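Descriptive analysis of the structure
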Amino acid sequence: MKKVHVFNAGPCLLPQVAIDNAIEAMKDFKGTGVSLLSVSHRTKEWEAVMDECRANWKELLNIPEGYEVLFLGGGASMQFLCVAANLLEKKAAYLETGLWAKKACKEAKGLGGDVVVVASSADANYSYVPKGYEIPADADYFHITTNNTIYGTEIRTDMDSPVPLVADMSSDILSRPVDVSKYAVIYAGAQKNAGPAGVAVVIVRKDVLGKVSHYIPTMLDYRTHIDKGSMFNTPPVFAVFVMNETLKWLKGIGGVEAIHERNKKKAATLYAEIDRNSLFRGTAAVEDRSIMNVTFVMAEGKEELQDEFLAFAKERGMVGIKGHRSVGGFRASIYNACSQEDVEALVKVMQEFENLKK
Ligand SMILES: *Cc1c(COP(=O)(O)O)cnc(C)c1O
């Protein structure tokens, strides 16, 4: 296979062992003689995978009593709606830190009720995380997006909130230890850091449910999935399997504390080069820089080199570094499975390009 360095924003790079074990299971799931793709989800072998995956999430994030872990289809985007359907009675508050946050807010607005945007960084194309805002004490919940995948900003502390805190952690879940007890709901599309596309994980504190007076459609109601152990209908079998393999890998290398150290080091390496290299500059406010998605553009006056650098990097095996169209430039997503070696390969390419242009 061609040697490349994958910086895709999602679906993300996955640990090779998870892929190898998935290939094996696709041929023969746990010695049953049945492919993972054909296995009945009503077998004890499959239920064991669901149980193990739930247990792995609980262990990795140190999830306290009173929370449930759900595996649901529909991606993080479906959770934009589910959160509002399950929690919004009168008023919801949102922090607008980017396109995904805005989309989450739209679903709450669509369901009616008073939806307040407490602060927005739209004025600077979401290049920073607003601070010093007030969370209304009468809101049913406050929704944040901890990592803004497109813009490369991140909220890396578990904040205090006077009302139930809901977090879209799609692109930074499992990248660092999290104090789950600060949150009422955490959700994430698996494909950014936790597994392949096709499943979203939802971590929900049970005591926030059952407080709305309207009908919640069955498939959107968290209680449906809690009651049925995420198997009310056919679960995304393949995606859950590979997610569980990814969690096993993460546990094996020391869990979220260990990966957090690696992630900080990777990010520091790449940002140091962006700040040093005369051809590039970062786009996110320095204090809000994400350790998962690193956004940068050509330095002022060097803009015309953008396409040339993309081609130069591509020739050297760099995959997926084109920035999102709303920011432009470049984005290197350095999720958990991305190694220090991958990051150093990209840094080397940036240095070579600088030398070429001297
Ligand atoms: C990618 C992304 C989403 C959307 O995820 P889907 O699973 O594709 O719906 C939502 N929020 C954030 C922060 C994302 O990065």
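Before going further, it helps to spend a moment on the site of the ligand. In the region of the ligand, 13 residues are neighbours, and Ser77, Thr149, Asp168, Gln191 and Lys192 sit closest. Ser77 is positioned such that a nitrogen or oxygen atom in its side chain is 2.6 Å from an oxygen atom of the ligand. At 2.9 Å, a side-chain N or O of Gln191 approaches an oxygen atom of the ligand. Considering the ligand on its own, with 390 Å² of exposed area, one finds that the protein chains cover 88% of that surface. Ranked by residues supplied to the shell around the ligand, first place goes to helix H3 (residues 75-87) with four residues.

One open sheet holds the three strands; their spatial order is E11-E12-E14, and the pairing between them is antiparallel. A single partner strand is all that each edge strand has here, and the edge strands are strand E11 (280-282) and strand E14 (330-333). Across the sheet, the axes of successive neighbouring strands diverge by a mean angle of 35 degrees, strand direction being ignored. Two strands pair when backbone bridges link them, and E11 and strand E12 (residues 293-298) are joined in this way by three bridges, in the antiparallel orientation.

The next subject is the pattern of salt bridges. Within the structure shown, the criterion is met by 21 salt bridges. Several salt bridges share partner residues, and in doing so they unite Glu315, Arg316, Lys348 and Glu352 into one network.

Next up on the list: the side chain of His41. Within the secondary structure layout, His41 lies in the loop between helix H1 (16-27) and helix H2 (44-60). Judged by relative accessible area, which is 15%, His41 ranks as buried. At 3.4 Å, the side chain of His41 and the side chain of Arg42 are in polar contact. In this view, His41 contacts Trp46, Glu47, Met231, Thr234, Pro235 and Val237; residues no more than four positions away in its chain are not counted.

Once that is clear, we can look at the side chain of Gln191. By the secondary structure assignment, Gln191 is in the loop between strand E9 (185-189) and strand E10 (200-205). Accessibility expressed as a relative area gives 18% for Gln191, which makes it buried. Not counting residues within four places of it along the chain, the set of residues in contact with Gln191 comprises Gly10, Pro11, Cys12, Pro196, Ala197 and Val199.

On to the domain arrangement of the protein chain. By the assigned domains, the protein chain splits into domain 1 (16-252) and domain 2 (255-356). When each unit is reduced to the centre of its C-alpha atoms, the spacing between domain 1 and domain 2 is 27 Å. Contact residues are listed per partner, giving 26 residues for domain 1 and 25 residues for domain 2. Together, the buried faces of domain 1 and domain 2 total about 2100 Å²; carbon and sulfur atoms form 53% of this surface. At the junction of domain 1 with domain 2, the criterion picks out one salt bridge. For the side of domain 1 that touches domain 2, the secondary-structure elements that each account for two or more residues are strand E7 (153-154) and helix H6 (237-252).

Formed by 61 residues in total, the largest nonpolar core has its most connected members in Trp46, Trp57, Phe71, Phe142, Ile173, Leu174 and Ile203. Ranked by residue count, the leading element in this core is H6, at nine residues. If we skip the residues at most four places from it in the chain, Trp57 touches Asn62, Ile63, Val69, Phe71, Ile173, Leu174, Ala194, Val201, Ile203, Met243 and Leu247. Ranked by size, the runner-up nonpolar core spans 30 residues in total, among them Leu87, Tyr94, Val166 and Ile216.

A surface patch of nonpolar side chains, amounting to about 400 Å² of accessible area, comprises Ile19, Ile23, Met26, Leu37 and Phe238. When residues in the nonpolar patch are grouped by element, the largest group, three residues, is from H1. For Met26, a relative accessible area of 30% corresponds to the partly exposed category.

Here we come to the pairing of E9. The buried fraction of E9 is high, at five of five residues. The alternating pattern of E9 places Val185, Tyr187 and Gly189 and Ile186 and Ala188 on opposite faces, both of which are buried. Pairing of strand E8 (residues 165-168) with E9, which is carried by three bridges, proceeds in the parallel orientation. Looking across to E9, one finds that Asp168 is bridged to Tyr187. As paired elements, E9 and E10 share five bridges and run antiparallel to each other. By the bridge assignment for E10, Ala188 is matched with Val201.

This part is about the packing of H6 against helix H7 (residues 255-276). The contact between H6 and H7 brings their axes to 7 Å, and the two run at 80 degrees. Of the possible angle classes, the one that applies to H6 and H7 is roughly perpendicular. In this structure, H6 uses Trp249, Leu250 and Lys251 to contact H7, whose residues at the interface are Gly255, Val256 and Ile259. Considering only residue class, the contact of H6 with H7 consists of four nonpolar, one polar and one charged.

Here the focus is the sheet that holds E10. Taken together, seven strands build an open sheet; the order of strands is E2-E10-E9-E8-E5-E3-E4 and the sheet is mixed. In this open sheet, the two edge strands, each paired with only one partner strand, are strand E2 (67-72) and strand E4 (114-120). Neighbour-to-neighbour, the strand axes of this sheet turn through a mean angle of 15 degrees, independent of strand direction. In this fold helix H4 (residues 99-110) packs onto strand E3 (91-96), E4, strand E5 (141-145), E8 and E9, with an angle of close to 165 degrees to the strand it touches most, E3.

Rules used in this analysis
Residues numbered from 1 in each chain as written. Predicted model: local features only at pLDDT ≥ 70, side-chain atom pairs only at ≥ 80, totals over all residues. Heavy atoms only, no water. Near = heavy atom within 4 Å. Polar contact = N/O pair within 3.5 Å; in protein donor to acceptor, adjacent residues only side chain to side chain. Areas by Shrake-Rupley, 256 points an atom, 1.4 Å probe, with all protein chains shown as cover. Helix = DSSP H or I, 4+ residues; strand = E, 2+ residues; numbered from the N terminus. Pairing = 2+ DSSP bridges. Axes fitted to C-alpha atoms, helices over the stretch in contact; angles between N-to-C directions. Salt bridge = Lys/Arg side-chain N within 4 Å of Asp/Glu carboxyl O. Buried < 20%, exposed > 50% of the residue type's maximum accessible area, 1.4 Å probe, protein only. Contact = heavy atoms within 4.5 Å. Domains from an automatic or database assignment. Buried area = accessible area lost by both parts, 1.4 Å probe. Core = buried A, V, L, I, M, F, W, Y, C linked by side-chain atoms within 4.5 Å. Patch = residues over 30% accessible without salt bridge, like charges linked within 9 Å, V, L, I, M, F, W, Y side chains within 5 Å. Parallel < 35°, antiparallel > 145°, perpendicular 65-115°, else oblique. Nonpolar A, V, L, I, M, F, W, Y, C, P; charged D, E, K, R; others polar.

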